[in-house]
Number of protein chains: 4
Amino acid sequence: MSEHAAIHDIAHLGGIELLTPEPERSLWYFRDVLGMEVVHAAGPSVYLRGYGDRAASTFKLTHADAPGVGCISWRAASAAALERRAAALMAAGLGEGWSNGDFGRGRSFRFRDPDGHSMALYYEELAYEAPTELRSALKNQPQRYTGRGVGVRRTDHLALMAHDVSANRRFAQELLGFQLREQVIFDDGRQEIGSWMSPNAIHHQLAYVADLDGGHGRLHHVSLWVDNREDVLRAADILTENGIFIEAGPSKHNNSQGFYLYSYEPGGNRVEIYSGSYLVLAPDWQPVIWNEQERGSGTYWGAPLPETFLKYATPTVAAKK
Amino acid sequence: MSEHAAIHDIAHLGGIELLTPEPERSLWYFRDVLGMEVVHAAGPSVYLRGYGDRAASTFKLTHADAPGVGCISWRAASAAALERRAAALMAAGLGEGWSNGDFGRGRSFRFRDPDGHSMALYYEELAYEAPTELRSALKNQPQRYTGRGVGVRRTDHLALMAHDVSANRRFAQELLGFQLREQVIFDDGRQEIGSWMSPNAIHHQLAYVADLDGGHGRLHHVSLWVDNREDVLRAADILTENGIFIEAGPSKHNNSQGFYLYSYEPGGNRVEIYSGSYLVLAPDWQPVIWNEQERGSGTYWGAPLPETFLKYATPTVAAKK
Amino acid sequence: MSEHAAIHDIAHLGGIELLTPEPERSLWYFRDVLGMEVVHAAGPSVYLRGYGDRAASTFKLTHADAPGVGCISWRAASAAALERRAAALMAAGLGEGWSNGDFGRGRSFRFRDPDGHSMALYYEELAYEAPTELRSALKNQPQRYTGRGVGVRRTDHLALMAHDVSANRRFAQELLGFQLREQVIFDDGRQEIGSWMSPNAIHHQLAYVADLDGGHGRLHHVSLWVDNREDVLRAADILTENGIFIEAGPSKHNNSQGFYLYSYEPGGNRVEIYSGSYLVLAPDWQPVIWNEQERGSGTYWGAPLPETFLKYATPTVAAKK
Amino acid sequence: MSEHAAIHDIAHLGGIELLTPEPERSLWYFRDVLGMEVVHAAGPSVYLRGYGDRAASTFKLTHADAPGVGCISWRAASAAALERRAAALMAAGLGEGWSNGDFGRGRSFRFRDPDGHSMALYYEELAYEAPTELRSALKNQPQRYTGRGVGVRRTDHLALMAHDVSANRRFAQELLGFQLREQVIFDDGRQEIGSWMSPNAIHHQLAYVADLDGGHGRLHHVSLWVDNREDVLRAADILTENGIFIEAGPSKHNNSQGFYLYSYEPGGNRVEIYSGSYLVLAPDWQPVIWNEQERGSGTYWGAPLPETFLKYATPTVAAKK
């Protein structure tokens, strides 16, 4: 399977399912503190959205025994692209078969990445139709900006832990057609610590970072977008006033140039409020590779990242077993 | 009464009473859209505050037949200063006598400015004690920043219409000890269009602008502070999404350098969301005076101010009669 | 030529050539006031870049008798895509043939849009290599942010005037594969006033707006990106202090949601400093269409756009003849 | 000497003299990186200003063997206040006598605080008159905002190390009439770690923090103001790109609510770029006192301050001897 055949077959990240052992408090965090909207509920799951998300829902919160990431879905660029990717994934032995799709989505193909994270591909999507009270004064904005809490605009990306970063990165390049944007590689090119990739102009919609604790299928963080750096600062004020633990930031990464703020939602998952970074439009983009010295603390202005940032993931390895 | 004797006798603007014929919708505007907190209610009045106001309340919303400004209160710098100013105002024939004070305030002296606006002076003030759910993570912040709506920090200033700007400006300088900061004077120094004054380092806490319609005791606008220009832009988004009419801005004035956003609250009064401007610390500050040409449109970047900005005040002249 | 065949063949806007009768003062505007870097000069032209532009140059300033736009170049997604598009343009009778390319670019195919604007397609591009003094502390940033003036990050888009918007919009969709993002259509669907399009996730990289003065090949504006709305406000301060005429803004459009600031550079061309807007990732995006009532003033918060915004373009019709 | 007698006798911080063993590189830092203007030079000193400073100069850079703070000057509120304070300081045994004043200032009274820092009091001050090329489009702005580098607006405050914080704090309250704003007091009220004070509405213009290394007369940091938090973030970008070491921030303190960014200028002194905080207008302000637990890391969002922040001061104790 050449990289070329897959390019442009995936349009964008479709949605993230987050698992939480504290569903009510997690819902409070995403709805009342971050300002997302609830659009649907079914069984153990609640479906949410950012005010700028075009799809009905991009974020699914599911009650579970332990925190972590559930199914990560990607939107294909066309019905044909969906078939092509499904066939390739099946051929690669990663496919799990078709389903009728989740809320707001048509026929979906389930698969797993080499590290075991659950993923799905779909093409048909329900565009959001706002109820009257959430209609925006902007015809090109799917939903009104409510001014409640942080006010995240859209689901932007996620970072997954992987036992073998290289294998999972190649999977995303070759089978999903993602473009490799940046890498952290230590030990003179021998140890791939992290890789940032994307199917579109957003700097990264998927990252794999090394899981050094022997876990599988774990989550480093999910990331929600706001438009300006000042919005991230305001988010830090709001999170602090709500008693939410801030692990790091607001500050600026060197790799990705992302302006970050990491907190733990009540269920235990790391959530980033995020702005800045840069778009990549070049078809021949050459990955930017950082070694130990260049990577440094991983931040631009010198702010240290805490030890937990490298170690903590959900679920914990004990919980996963 | 020399100007000198009064200097430093007034510490700061204490509060503004706003009259509204639409009390419920006005309350919605200030509480739900601007994010102020309700701290007290009595008779036709509701008492509000910004999250950074030290006093229990700085903003009083009172049901009335027509919009406009009620009593404007100023805090004296000490008990002795209160007595001095009361005596001077009484001697000037503007005093109306003492009362036991309004919610959150001790003994108060009522008076009127030459144009007839109702004012009060007091010294004793109830500092805000937040209930548990509104306590801030910051020990030096009287109340938590809730993240609801615009999130105005404090009541900053107000602008009053006056038939005779000069007479009212002299009153504020001589009897209240305010420092004159800026003036707009047309017709080769003969027509005082507006004067901006303050008892402290804030650029202006009181402005008088010419009432060309023959009215008396009218209000141009009240102004509420946010910390950053981006907060004003965000306020514009929120106001628009809530269907509130924006008369002008966000943009930047030339005089005062204020970064402004003017809307009409549902009761009809003009309300400014405001940031920027500059502090004045010089004891020998020389007023900055703008003539027709220098004043131009009244804005820094060239954005025009609408005709209504010069004409509309509350109550309308018809309603006042 | 179906739309489908062209999709993804163009990667992004490659560069804009701006014509100026005041080359020295225009250079001062772009280099000293906006903070762009000069990377090359040849004959009547100077080549510039924003600090975040990946290519060596994205902006060419050329001495000419009258202001206006010179050649607008687009980068193909691959060598094969370049051949495909060239063949299609030639077949459509719009091709003008191949050249060896301009500074920093390989073999280029010249053509004109139906309104007569000069365009070029190329694939090979020189990625910027910063000289020592302009190297960034960020390995993923092509050039250091110098902190000089406005500090524009990259060339973002341009808007062209066209006698027949529909014909030119169809050309861009069908022959360049651009996705139609938004339209302003008046008179019950009969009069296409403007159309906004893009070959990638950026909301629009090309717009056509109706030229009501009978001109051809004219420019409405070029647009340069900054990351935050506050950067646009700061740009307004800097432009004003440099005596540059600001035609409109900073404010927010309703269509595109762009946070805009329009000034005239010394050569007479309209230049936008721009942030905000939104990304489009949906492969099945449905254009947002605004009628007279919905379009209103063209702004979100109600700020009026001046008459000149609809009328002024470069060159003036008289100059063009 | 009661506190009362001194209140309002000092209007504001007049200027800071910073000592540097690297005068050329320090000048580059303040002029080219921070964007201050040079207004005068005499002997080993260069006089600078922020674009919003009303006085001709508020910042003096003096070549010396070691970094540290030179003379800190305060502006009296009147000629009479100057005499009153001079008499009181002389009576307290801290006076050093009168001089003709430094550049831009009239007759000055020199004295030392109990810890030995050199200070001066003056009343007459030269208001800045900008040369043509630095005249602002704003009549109320002393100087044009040039858009060069960080663009600091004004000299805001400084923090001094003191062997005995309590003694120096009492000196500032009683002899200078400063109002005590906040304190960090450990060990159940027995150990005064730091005190923040001001003669005006600015939260603090002078802080004393405990010098635990046995030094005297040392500097913790000088602080320069920008209007918005985004300006501080942009300053961090500029400092980093210029290879300046950032010790901490951008982030937000809990005490003072200051939005901070600390770097070391090439001479070795700690310099803060600063925004936010809050104004204090209450005549009966009660100091906010933080114990060990409340103070925590000294930051609001949880970002740690490095060890050096508590230890490093200029000159180093060795250099001072």
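What counts, and where the lines are drawn
Residues numbered from 1 in each chain as written. Chains lettered and ligands numbered in written order. Predicted model: local features only at pLDDT ≥ 70, side-chain atom pairs only at ≥ 80, totals over all residues. Heavy atoms only, no water. pLDDT = per-residue confidence, 0-100. Contact = heavy atoms within 4.5 Å. Buried area = accessible area lost by both parts, 1.4 Å probe. Salt bridge = Lys/Arg side-chain N within 4 Å of Asp/Glu carboxyl O. Polar contact = N/O pair within 3.5 Å; in protein donor to acceptor, adjacent residues only side chain to side chain. Helix = DSSP H or I, 4+ residues; strand = E, 2+ residues; numbered from the N terminus. Nonpolar A, V, L, I, M, F, W, Y, C, P; charged D, E, K, R; others polar. Least-squares fit on C-alpha atoms with pLDDT ≥ 70 in both. Core = buried A, V, L, I, M, F, W, Y, C linked by side-chain atoms within 4.5 Å. Buried < 20%, exposed > 50% of the residue type's maximum accessible area, 1.4 Å probe, protein only. Pairing = 2+ DSSP bridges. Axes fitted to C-alpha atoms, helices over the stretch in contact; angles between N-to-C directions.

Undergrad: Go over the confidence of the model for chain A with me, naming the residues and quoting the values.
TA: Taken over all residues, the pLDDT of chain A has a mean of 96, while the share at 70 or more is 98%. Overall fold confidence (pTM) sits at 0.97, and the ipTM for the predicted complex is 0.96.

Undergrad: So what about the interface of chain C and chain A? Which residues, and what values?
TA: Where the parts come together, the accessible area they lose is often given as the size of the interface. Across the boundary between the two partners, chain C contributes 42 residues, which contact 41 residues of chain A. Of the roughly 3,300 Å² buried at the junction of chain C and chain A (both faces included), carbon and sulfur atoms supply 56%. By the criterion of area lost to chain A, the three top residues of chain C are C:Lys139, C:Asn140 and C:Leu281, representing 20% of everything that side buries. There are six salt bridges connecting chain C and chain A. Counting across the chain C and chain A interface gives 17 residue pairs in polar contact (both at pLDDT 80 or more). Secondary structure elements with two or more residues in the side of chain C that touches chain A: strand 1 (10-20), strand 5 (68-76) and strand 17 (288-290) of chain C. Split into classes, the residues belonging to the side of chain C that touches chain A amount to 18 nonpolar, 13 polar and eleven charged.

Undergrad: Can you explain the relation of the copies chain C and chain B? Please cite residues and give values.
TA: For these two chains of identical sequence, chain C goes onto chain B by a turn of 180 degrees and a shift of 0.0 Å along the axis, with RMSD 0.0 Å. Given the turn and translation reported, the copies of this chain are related as if by a two-fold rotation axis. Ranked by how close their C-alpha atoms come to the rotation axis, the residues of chain C are headed by C:Glu230, at 3.1 Å.

Undergrad: Tell me about the interface of chain C and chain B, residues and numbers included.
TA: At the interface, 15 residues of chain C touch 15 residues of chain B. In total, chain C and chain B occlude about 1,400 Å² of area from one another, counting both sides; carbon and sulfur atoms represent 48% of this. On the chain C side of the contact with chain B, C:Arg229, C:Tyr300 and C:Trp301 bury the most area, a combined 42% of that side's loss. At the junction of chain C and chain B, the tally comes to six salt bridges. Residue B:Glu230 pairs with C:Arg229 through a salt bridge whose shortest N-O separation is 2.8 Å. The interface formed by chain C and chain B contains ten residue pairs in polar contact (both at pLDDT 80 or more). Ranked by the residues each element gives to the side of chain C that touches chain B, the list is headed by helix 5 (residues 229-241) of chain C, at eight residues. Of the residues in the side of chain C that touches chain B, the class split is seven nonpolar, two polar and six charged.

Undergrad: Help me get a handle on the nonpolar core, residues and values and all.
TA: Counting residues in each nonpolar core, the largest one holds 131 residues, and the members touching the most others are B:Phe30, B:Leu34, C:Phe30, C:Leu34 and C:Trp74. Sequence-distant contacts of B:Phe30, that is, excluding residues within four places in its chain, are made with B:Leu18, B:Gly35, B:Met36, B:Leu48, B:Phe59, B:Leu61, B:Leu224, B:Glu265 and B:Val271. Within the second largest apolar cluster, 130 residues are counted, among which are A:Ala210, D:Met36, D:Tyr208 and D:Leu239.

Undergrad: Go over the relation of the copies chain C and chain A with me, naming the residues and quoting the values.
TA: Superposing chain C onto chain A requires a rotation of 180 degrees together with a translation of 0.0 Å along the rotation axis, leaving an RMSD of 0.0 Å. Interface overlap between copies is the fraction of interface residues in one copy that are interface residues in the other; for chain C against chain A it reaches 98%, indicating a shared surface.

Undergrad: Describe the environment of B:Glu294, naming the residues involved and giving the relevant values.
TA: Turning to its location among the elements, B:Glu294 is positioned in helix 6 (residues 292-295). Take B:Glu294: its relative accessible area is 33%, and that puts it in the partly exposed class. Apart from residues lying up to four places away in sequence, B:Glu294 is in contact with B:Asn254, B:Ile289 and D:Lys139. A polar contact is formed between the side chain of B:Glu294 and the side chain of D:Lys139, at a distance of 3.0 Å.

Undergrad: Tell me about the sheet that holds strand 2 (residues 37-42) of chain D, and please be specific about residues and values.
TA: Residue and element names in this part refer to chain D. Spatially, 2-3-4-1-5-8-7-6 is the arrangement adopted by the eight strands of the open sheet, whose pairing is mixed. Each having just a single partner strand, strand 2 and strand 6 (95-99) make up the two edges of the open sheet. The sheet shows a mean angle of 25 degrees between the axes of neighbouring strands, taken without regard to direction. Packed on one face of the sheet, helix 2 (residues 23-33) meets strand 1 (10-20), strand 2, strand 3 (45-49) and strand 4 (59-63) and runs near 160 degrees to strand 4. Set on the sheet, helix 3 (residues 79-91) makes contact with strand 1, strand 5 (68-76), strand 6, strand 7 (108-112) and strand 8 (118-122); between it and strand 6 the angle comes to about 145 degrees.

Undergrad: Can you lay out helix 4 (residues 165-174) of chain B for me, pointing to particular residues and giving the numbers?
TA: All names here are of chain B. A large share of helix 4 lies buried, amounting to seven of its ten residues. Listed in full, the buried residues belonging to helix 4 are Val165, Ser166, Asn168, Arg169, Phe171, Ala172 and Gln173. Where helix 4 begins, one side-chain oxygen reaches toward the backbone nitrogen of serine 166, 3.1 Å away; that side chain belongs to aspartate 164.

Undergrad: Summarise unusual backbone geometry; cite the residues concerned and give the values.
TA: All names here are of chain A. Going from threonine 314 to proline 315, the amide bond is cis rather than trans, its omega being -5 degrees. Checked against the element boundaries, proline 315 lands in the loop between helix 7 (307-311) and helix 8 (317-320). Phi at glutamine 257 takes a positive value of approximately 60 degrees, unusual for a residue other than glycine. For glutamine 257, a relative accessible area of 3% gives the class buried.

Undergrad: Explain the sheet that holds strand 9 (residues 154-162) of chain A residue by residue, including any values.
TA: All names here are of chain A. With respect to topology, nine strands assemble into an open sheet ordered 14-15-16-13-9-12-11-10-17, the strand pairing being mixed. Only two strands of the sheet have a single neighbouring strand rather than two, namely strand 14 (246-252) and strand 17 (288-290). Each adjacent strand pair in this sheet contributes to an overall mean axis angle of 20 degrees, direction not counted. Running over the sheet, helix 5 (residues 229-241) touches strand 14, strand 15 (258-264) and strand 16 (270-276) and is turned about 15 degrees from strand 15.

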